[in-house]
Amino acid sequence: QVQLVESGGGLVQAGGSLRLSCVVSGDSFSFRSLAWFRQAPGMEREFVINEDWSDASTYYADSAKGRFTISRDLDRNTVYLQMNSLKPEDTAVYYCAATAVGAVAGDTVGSYAFWGHGTQVIVSS
């Protein structure tokens, strides 16, 4: 089993930055990739970015390219989402997710077996 706990959300003005954290606990061999998703009110949960835990390869949604960066601290078992140049449309609950080991990481909710409870990001105009 894998447990994921997000933090770092909050209220920020448009153009500002936030860094979200996701602490991963449990068996480190129980997952393959970590991702960030987000869900705005009344909208479906959408993929933002992911990273393969073994080789650190990343995949970005178009909405994240040039503004968001994923990184990790292996000593702290933590994955970060650095968000710059934030826009009001980035307002959402942001979720950390992990695939099961052996699973192919993708950009769909169904690709991920483990989820955190989310952290709220509000970007004011």
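Structure: above.
Basis of the calculations
Residues numbered from 1 in each chain as written. Predicted model: local features only at pLDDT ≥ 70, side-chain atom pairs only at ≥ 80, totals over all residues. Heavy atoms only, no water. Disulfide = S-S within 2.5 Å. Helix = DSSP H or I, 4+ residues; strand = E, 2+ residues; numbered from the N terminus. Pairing = 2+ DSSP bridges. Axes fitted to C-alpha atoms, helices over the stretch in contact; angles between N-to-C directions. Phe/Tyr/Trp six-rings, centres within 6.5 Å; stacked < 30°, edge-to-face > 60°. Buried < 20%, exposed > 50% of the residue type's maximum accessible area, 1.4 Å probe, protein only. Salt bridge = Lys/Arg side-chain N within 4 Å of Asp/Glu carboxyl O.

Engineer: A description of the state of the cysteines should follow, citing residues and the corresponding values.
Structural biologist: Using the criterion set out here, one finds one disulfide in the structure. At a sulfur-sulfur separation of 2.1 Å, the disulfide partner of Cys 22 is Cys 96. In this structure the cystine formed by Cys 22 and Cys 96 twists about its S-S bond by roughly -80°; its chirality is therefore left-handed. You can see Cys 22 sitting in strand S3 (residues 18-26) and its partner Cys 96 sitting in strand S9 (residues 92-100), a full 74 residues away along the chain.

Engineer: I'd love a proper account of the sheet that holds S3, names of residues and values included.
Structural biologist: The antiparallel open sheet is built from four strands, whose spatial order is S1-S3-S8-S7. Bordering the open sheet on either side are strand S1 (2-7) and strand S7 (68-73), each of which pairs with just one other strand. Looking at each pair of strands side by side, their axes are set apart by 20° on average, direction ignored. Examined bridge by bridge, S7 and strand S8 (residues 78-83) share six bridges and lie antiparallel to one another. If you follow Ile 70 over to S8, its bridge partner there is Leu 81.

Engineer: Lay out the packing of aromatic side chains in plain terms, naming residues and giving numbers.
Structural biologist: Following the criterion strictly, the structure yields seven aromatic pairs and no others. With a centroid separation of 6.3 Å and 70° between ring planes, the pair formed by Tyr 112 and Trp 115 is classed as edge-to-face. Classification of Tyr 112 as buried rests on a relative accessible area of 5%. Judged by relative accessible area, which is 25%, Trp 115 ranks as partly exposed.

Engineer: I'd like a rundown of the pairing of S8, residues and numbers included.
Structural biologist: When you tally the buried positions in S8, you get five out of six residues, the bulk of the element. Strand direction decides the pairing type here: S3 and S8, joined by six bridges, are antiparallel. Across the sheet, Leu 18 pairs through a bridge with Met 83, a residue of S8. Adjacent in sequence and paired antiparallel, S7 and S8 are bridged by four residues, among which Asn 77 carries a positive phi angle near 50°.

Engineer: Which residues make up the pattern of salt bridges, and what values go with them?
Structural biologist: A side chain with one charge can pair with a side chain of the opposite charge if their charged atoms come near. With the rule as written, the count across this model stands at seven salt bridges. When the shortest N-O distance is used, the salt bridge between Asp 73 and Arg 76 registers 2.9 Å. Relative accessible area serves as the criterion here: at 18%, Asp 73 is assigned to the buried category. Via salt bridges that share partners, Arg 38, Glu 46, Arg 67 and Asp 90 belong to a single interconnected network.

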